[in-house]
Each structure stands twice: as structure tokens, then as C-alpha cells.
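Listed here are the chains, written in short residue letters.
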Amino acid sequence: MLDLTQINQNNLPKHIAVIMDGNGRWAKERGKLRVFGHENGVKAVRKTVENCARLNIKYLTLYAFSTENWKRPQIEVQTLMRLLVSSLRKELKTLEKNNIRLNAIGNLDALPSKAAKELKEVIEKTATNKGMVLTLALSYGSRNELVSAVKNLAIKVKNNLISPTDIDDNLINEHLYTHDMPDVDLLIRTSGEHRISNFLLWQIAYAELYFIDVFWPDFSEKHLVEAIISYQKRERRFGKTSEQLS
Ligand code: IPE
Ligand code: IPE
Ligand code: MG
């Protein structure tokens, strides 16, 4: 068991977002097909969800499939969608046990109907849970999200529902998939890549970034705790000087 006393309960990131990367390379290292990596990635998802709930994190957002991931070979896309359906089915119990509410962001209309149906069911079944909010980013792209927000705002201006001068940070926020969530405090990316890959560009404006050189299937409680401890050592100044904060 890890020493969780190192974590300061008064300075927890309210919203953790994770770019779960490296399943393919994890499998390749073992001489296996990419699908083997994705299957093992699912196990890391379960552990991370349970650990975040136990550590009292309020919002956990997982990047599971990007708008760009549709460009992968069809067989891999199908495998990922199949894994999504089977894990939603299997993990409902885990969500209920931990009082977790499931949420999803992204262009969900693009998902195969079976996956969309399963997702909707689990979201409905967990809708009254009051614990952590687990958001799956599926067929998600931040530019897509911003484009659709801009379109909706333009329509409202055209129909005289709002005036251009009403447009501010809050109004833009209200038109994003994440309108009912706080900004990201801590963004973790596994696999050693140092990039954002079109994830939550608006919402990470002031997030603390944490890149770890471990492939997603190997991401464990130890790594999660280390990421939170690193977050807690940082001074979030939001443009102010250090002196102003104390
Ligand atoms: C992350 O692992 C899972 C998804 C993007 C769906 P990858 O499949 O990107 O694995 P690598 O980065 O190729 O190793
Ligand atoms: C980002 O990983 C998307 C997800 C983790 C779902 P990718 O593996 O698709 O990112 P790039 O293409 O290497 O930037
Ligand atoms: Mg990748």
C-alpha cells in the first residue's frame, strides 16, 4: 500500500484529465498486436478510475478516442469500439459501487450505434450518483468543440438572442461540451509524448501539465499519486506574483 499521507487533502486537483497514450507501443514491446495493448489499457482505466474516486478527486476526464483516431486502420477502430461496449457493460458495477456518475464529451453521433446506445444507458443509470464525475472523451476534438461553440453563438447572434458584446469567457464556456465542469487543474499524459493532441485546449488554459514516460497499460496508483504530489508542490500563480499569493 502507498503512503497516502503525502497527499494534502486541502490542495487536491478538483479536475484531473488524462491523455491515455502508449497502448500500441506497450504491446509492440511484448511482440503482440496493438489490440493486446488496448485490452490492457482498459485495466489501467479501471484502476485509475477507482483510485481517483478513493483519493476524492471530483472530476476525472479520460481521452479515450480522438476525432483524429478515426483515421486509424478500420480494424483498430472496430476493436476500440468493441472494447468500449464491453467495458461499459462490465464496469457499470464498479461505477455504482464507487458512486461515480458517467458523462461523455465529443461528437457522440459519430459513434457506432451499439456503442452510443451502451454509453447512453450507463450515463442514465449512473445519473443520480453523487460522487466523482467520470467523463469519457470519445470522438473528441477540441477544435471541433470550439468550432461548434462558435457556430452556435453565431446563430444566437443572428437570431438576436444575444449581442456580440455579450460574448465573454463564460458564454464561450457555456457552449462547450464541458459547460458543467470546472477547468482542468492537472493534465497527465503517459507514453513520453509531450503534446496535447487536440485535447481540451480551452479548458487547460491554466492546467498544470504532467508528462510521464510510462505507457498507459503500466500507469499505476503509484504514478497517479506521484502526479498529484508534483501538482501540490507547484505554485499556481494565474498571472500574479508569488508575493501576492501569500
Ligand atoms: C492510446 O494508445 C489509445 C488511443 C489513442 C485510443 P495508442 O494506441 O495511441 O498507442 P501508441 O501511442 O501507438 O503506442
Ligand atoms: C491521443 O493519442 C488520443 C488519445 C489518447 C485518445 P494519439 O496517440 O492519438 O495522439 P498522437 O496522434 O500521437 O498525437
Ligand atoms: Mg498514441
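Scroll up to find the structure this text is about.
Residues numbered from 1 in each chain as written. Chains lettered and ligands numbered in written order. Predicted model: local features only at pLDDT ≥ 70, side-chain atom pairs only at ≥ 80, totals over all residues. Heavy atoms only, no water.

Novice: I'd love a proper account of the nonpolar core, names of residues and values included.
Specialist: Grouped together as the largest cluster of nonpolar side chains are 46 residues, with contacts concentrated most on L60, I188 and I228. Of all the elements, helix α3 (residues 74-97) adds the most residues to this core, at eight residues. Discounting chain neighbours no more than four positions away, the residues touching L60 are I16, V18, T48, V49, C52, M132, V133, L134 and T135. Grouped together as the second largest cluster of nonpolar side chains are 13 residues, A17, Y140, I196 and L200 included. (Core = buried A, V, L, I, M, F, W, Y, C linked by side-chain atoms within 4.5 Å. Buried < 20%, exposed > 50% of the residue type's maximum accessible area, 1.4 Å probe, protein only. Helix = DSSP H or I, 4+ residues; strand = E, 2+ residues; numbered from the N terminus. Contact = heavy atoms within 4.5 Å.)

Novice: So, the site of ligand 2: which residues are in play, and what are the values?
Specialist: All residues in the neighbourhood of ligand 2 are listed as I19, M20, D21, Y63, A64, F65, N69, R72, R189, R195 and S197. The contact in question runs from an oxygen atom of ligand 2 to an N or O atom on the side chain of N69, over 2.9 Å. Within the side chain of R72, an N or O atom sits 3.2 Å from an oxygen atom of ligand 2. Calculation on ligand 2 without its partners gives an accessible area of 390 Å², and the protein chains cover 77% of this total. Taking a 2 Å distance to the grid points as the criterion, the majority of the atoms of ligand 2 fall inside the largest pocket. With three residues, strand β2 (residues 59-66) is the largest single contributor of residues to the shell around ligand 2. By residue class, the composition of the shell around ligand 2 is five nonpolar, two polar and four charged. (Near = heavy atom within 4 Å. Polar contact = N/O pair within 3.5 Å; in protein donor to acceptor, adjacent residues only side chain to side chain. Areas by Shrake-Rupley, 256 points an atom, 1.4 Å probe, with all protein chains shown as cover. 1 Å grid on protein atoms, 1.4 Å probe; cavity = no way out; pocket = protein on both sides within 12 Å on 5 of 7 lines; lining within 4 Å. Sits in = over half its atoms within 2 Å of the grid points. Nonpolar A, V, L, I, M, F, W, Y, C, P; charged D, E, K, R; others polar.)

Novice: Could you give an account of the pairing of strand β3 (residues 101-105), naming the residues involved and the relevant values?
Specialist: Regular strands show a simple pattern: their side chains alternate between the two faces of the sheet. In terms of residue burial, β3 counts as a mostly covered element, since four of its five residues are buried. Here β3 runs beside strand β4 (residues 133-140); their pairing, made up of five bridges, is parallel. Paired with R101 across the two strands is V133, which belongs to β4. Regarding the hand of the β-α-β motif, the stretch spanning β3, helix α4 (residues 113-125) and β4 is left-handed. (Pairing = 2+ DSSP bridges. Right-handed = clockwise from strand over helix to strand, strands pointing away.)

Novice: Outline the packing of α3 against α4, listing residues and values.
Specialist: At a minimum axis distance of 9 Å, the contact between α3 and α4 shows a crossing angle of 5°. One finds that α3 runs roughly parallel with respect to α4. Of α4, the residues touching α3 (which contributes L84, V85, L88, R89, L92, L95 and E96) are K114, A115, E118, L119, V122 and K125. Split into classes, the residues belonging to the contact of α3 with α4 amount to eight nonpolar, no polar and five charged. (Axes fitted to C-alpha atoms, helices over the stretch in contact; angles between N-to-C directions. Parallel < 35°, antiparallel > 145°, perpendicular 65-115°, else oblique.)

Novice: Could you give an account of the environment of R54, naming the residues involved and the relevant values?
Specialist: By secondary structure assignment, the location of R54 is in helix α2 (residues 34-54). In this structure the C-alpha to C-alpha distance between R54 and N98, which are 44 residues apart in sequence, comes to 8.2 Å.

Novice: Any chance you could break down the packing of aromatic side chains for me, citing the residues and the numbers?
Specialist: According to the stated counting rule, one finds eight aromatic pairs in the structure shown. One aromatic cluster in this structure is built from Y63, Y140, Y177 and F199. Over the ring of W26 we find R30, and its NZ or CZ is 3.9 Å from the ring centre. The lysine or arginine in question, K32, covers the ring of F36, its NZ or CZ lying 4.9 Å from the ring centre. (Phe/Tyr/Trp six-rings, centres within 6.5 Å; stacked < 30°, edge-to-face > 60°. Lys NZ or Arg CZ within 6 Å of the ring centre and 35° of its normal.)

Novice: Could you give an account of the packing of α2 against α3, with specific residues and numbers?
Specialist: Relative to each other, α2 and α3 sit at 25°, their axes nearing to 11 Å. With respect to α3, the axis of α2 lies roughly parallel. For the element pair α2 and α3, the recorded crossing hand is right-handed. Together, R34, V35, H38, E39, V42, R46 and E50 of α2 and E76, T79, L80, R82, L83, S87, E91, T94 and K97 of α3 make up the contact between the two elements. Split into classes, the residues belonging to the contact of α2 with α3 amount to four nonpolar, four polar and eight charged. (Left-handed = near helix turned anticlockwise from the far one by under 90°.)

Novice: Explain the environment of I167 to me, using residue names and the numbers behind them.
Specialist: Structurally, I167 can be placed in the loop between α5 (142-158) and α6 (169-174). Classification of I167 as partly exposed rests on a relative accessible area of 35%. Spatially, the C-alpha atoms of I167 and V157 are 9.6 Å apart, while their sequence positions differ by ten residues. Apart from residues lying up to four places away in sequence, I167 is in contact with L153, V157, I162 and I172.

Novice: Describe in detail the pairing of β4, supporting the description with residues and values.
Specialist: Burial within β4 is extensive, with eight of its eight residues counted as buried. Looking at chain direction, β2 and β4 are connected through seven bridges and run parallel. Bridging from a neighbouring strand, L60 pairs with L134 of β4.

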